[in-house]
Amino acid sequence: MSKNKALIFSAPSGAGKTTIVKKMLEVFPQLSFSISACSRAPRKNETHARDYYFLSTEAFQQKIKEDAFLEWEEVYPGNYYGTLKSEVDRIWAEGKQLIFDVDVVGGINIKKYFGEKALSFFIMPPSIEELEKRLQTRSTDDEETIQKRIEKAEYELGFAPQFDIVIINDQLDKAVQETEQKIRTFNDTK
């Protein structure tokens, strides 16, 4: 496994990308999760520097001015997300391979940055209806937020062709197996 390669996972919220990323971290111990920065408040059970680097909006904007991000985006009004360059440096200094769990635009931007050194995955929900059901089952957002996520998901699905691989997550075990096989093939190439 090449330490200078990167794996990028993107999907609409609720499609299952984080679950698949966690499975890949179990299967491939050489992978190291790139912790994103964000300006939103932590959800229950989220920890700073484990799930995200939680920054105030002002601190996030200051880091933008300092060119500290590989990529960043204002995902929702006032909610910034991004990848710190220092996070990439930290992981590569450990001799590990990067794995990203990012929003769709972030995934496209990271792929552009790394080019052939990166393999990008778009995790596709089986349907918008199933996606809505998953978001409701998660019980992390109110109904208004869920509807915003559904509207955004409908938009994000249009970006799937810009990714190297589209995995339809209709059966988690099958999606995990397919993802694992694609990573093994990618890592066997120069």
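One numbering rule holds for all chains: residues counted from 1, following each sequence as written. Given that this is a predicted model, residues contribute local features only at a pLDDT of at least 70 and side-chain atom pairs are listed and counted only at 80 or more, while totals for whole chains, interfaces and linings are drawn from all residues. To get the side-chain values, take all heavy atoms of the structure and skip hydrogens and water.

Visitor: Which parts of the structure should I look at to understand the sheet that holds strand 1 (residues 6–10)?
Guide: As a general point, the strands of a sheet are linked pairwise by backbone hydrogen bonds and lie either parallel or antiparallel. Pairing within the open sheet is parallel, and its five strands lie in the order 2-7-1-8-9. Across the chains shown, the open sheet's two edge strands, defined by having one partner strand only, are strand 2 (31–33) and strand 9 (165–168). Adjacent strand axes in the sheet meet at a mean angle of 25°, parallel and antiparallel pairs treated alike. In the sheet, strand 2 pairs with strand 7 (residues 97–101) via three bridges, with the strands oriented parallel. Bridged to L31 within strand 7 is Q97. Contacts are residue-level and defined by heavy atoms, with any inter-residue pair within 4.5 Å sufficient. Where helices are involved, their axes are fitted lines through C-alpha atoms of the stretch in contact, as for all axes, and angles between N-to-C directions lie from 0 to 180°. Each helix is a run of H or I in the DSSP string that is no shorter than four residues. Each strand is a run of E no shorter than two, and both are numbered from the N terminus. Against the sheet, helix 4 (residues 104–114) engages strand 1, strand 7 and strand 8 (118–124), with an angle of about 160° to strand 1. Here, a strand pair is defined by DSSP locating no fewer than two bridges between the strands.

Visitor: Explanation requested: the environment of V102 in the structure shown.
Guide: Positionally, V102 belongs in the loop between strand 7 and helix 4. The spacing of V102 and Y81 is 21 residues in sequence and 8.6 Å in space, taken between C-alpha atoms. Once residues within four sequence positions are removed from consideration, V102 is found in contact with I8, F9, S10, A11, K17, S36, T83, G107 and I110.

Visitor: Looking at this structure, how should I read helix 3 (residues 85–93)?
Guide: Residue pairs spaced three or four apart in an α-helix point in one direction, given the helix's 3.6 residues per turn. Exposure classes here rest on a 1.4 Å probe applied to the protein chains alone. A residue is buried below 20% of its type maximum, exposed above 50%, and partly exposed in between. Of all the residues in helix 3, the buried ones are E87, V88 and I91. When helix 3 is viewed along its axis, its buried side chains cluster within an angular range of 100° and face the same direction. Facing away from the buried surface of helix 3 by more than 90 degrees, the exposed residues are D89 and A93. In this fold, the buried residues of helix 3 make contact with strand 2, strand 4 (53–54), strand 5 (69–76), strand 6 (79–84), strand 7 and helix 4. Trailing helix 3 by a residue or two, G95 shows a phi angle of about 75°, which is positive. This arc describes the spread of directions from the helix axis toward the C-beta atoms.

Visitor: Can you help me understand the pairing of strand 5 in this one?
Guide: A regular strand carries its side chains on alternate faces of the sheet. Bridge count for strand 5 against strand 6 is six bridges, and the pairing is antiparallel. Paired with F69 across the bridge in strand 6 is L84. Adjacent in sequence and paired antiparallel, strand 5 and strand 6 are bridged by two residues, among which G78 carries a positive phi angle near 80°.

Visitor: Looking at this model, I keep getting lost on the pairing of strand 8. Mind explaining?
Guide: Of all seven residues making up strand 8, seven are buried, and the element is well covered by its neighbours. A two-sided burial pattern is seen for strand 8, the buried positions comprising A118, S120, F122 and M124 on one face and L119, F121 and I123 on the other. In this sheet, strand 8 lies alongside strand 1 in parallel orientation, the contact comprising five bridges. Residue pairing across strands places L7 opposite L119, the latter belonging to strand 8.

Visitor: Help me understand the sheet that holds strand 4, please; the structure alone is not making it clear to me.
Guide: Strand order in the open sheet formed by four strands is 4-3-6-5, and the pairing between neighbours is mixed. Looking at which strands have only one partner, the edges of the open sheet turn out to be strand 4 and strand 5. Together, strand 3 (37–38), strand 5 and strand 6 form the strand contacts of helix 2 (residues 57–65), whose direction differs from that of strand 6 by roughly 45°. Its contacts with the sheet put helix 4 on strand 5 and strand 6, and the angle it makes with strand 5 is roughly 165°.

Visitor: How should I be thinking about the side chain of E71 in this particular structure?
Guide: By the secondary structure assignment, E71 is in strand 5. The charged-residue count follows a simple rule in which Lys and Arg add positive charge and Asp and Glu add negative charge, with His and chain termini not counted at all. Salt bridges are defined as contacts in which a side-chain nitrogen from Lys or Arg sits within 4 Å of a carboxyl oxygen from Asp or Glu. In this structure, E71 is buried with no salt-bridge partner, the nearest side chain bearing the opposite charge being K112 at 11 Å. Leaving out residues up to four positions away in the same chain, E71 has contacts with G82, T83, G106, N109 and I110.

Visitor: Just to check I follow, could you spell out the packing of helix 1 (residues 17–27) against helix 7 (residues 172–187) for this structure?
Guide: To characterise two packed helices, one gives the angle between the axes of the helices and the distance between these axes. Viewed as axis vectors pointing N to C, helix 1 and helix 7 meet at an angle of 55°, and their least axial separation amounts to 10 Å. With respect to their mutual orientation, helix 1 and helix 7 come out oblique. Crossing of helix 1 over helix 7 shows right-handed handedness. Residue-level inspection shows T19, I20, K23, M24 and V27 of helix 1 in contact with helix 7, the latter providing L172, A175, V176, T179, E180, I183 and R184. For classification purposes, an angle smaller than 35 degrees is called roughly parallel, one larger than 145 roughly antiparallel, one from 65 to 115 roughly perpendicular, and anything else oblique. A clockwise turn of the near helix away from the far one marks a right-handed crossing, whereas an anticlockwise turn of less than a right angle marks a left-handed crossing.

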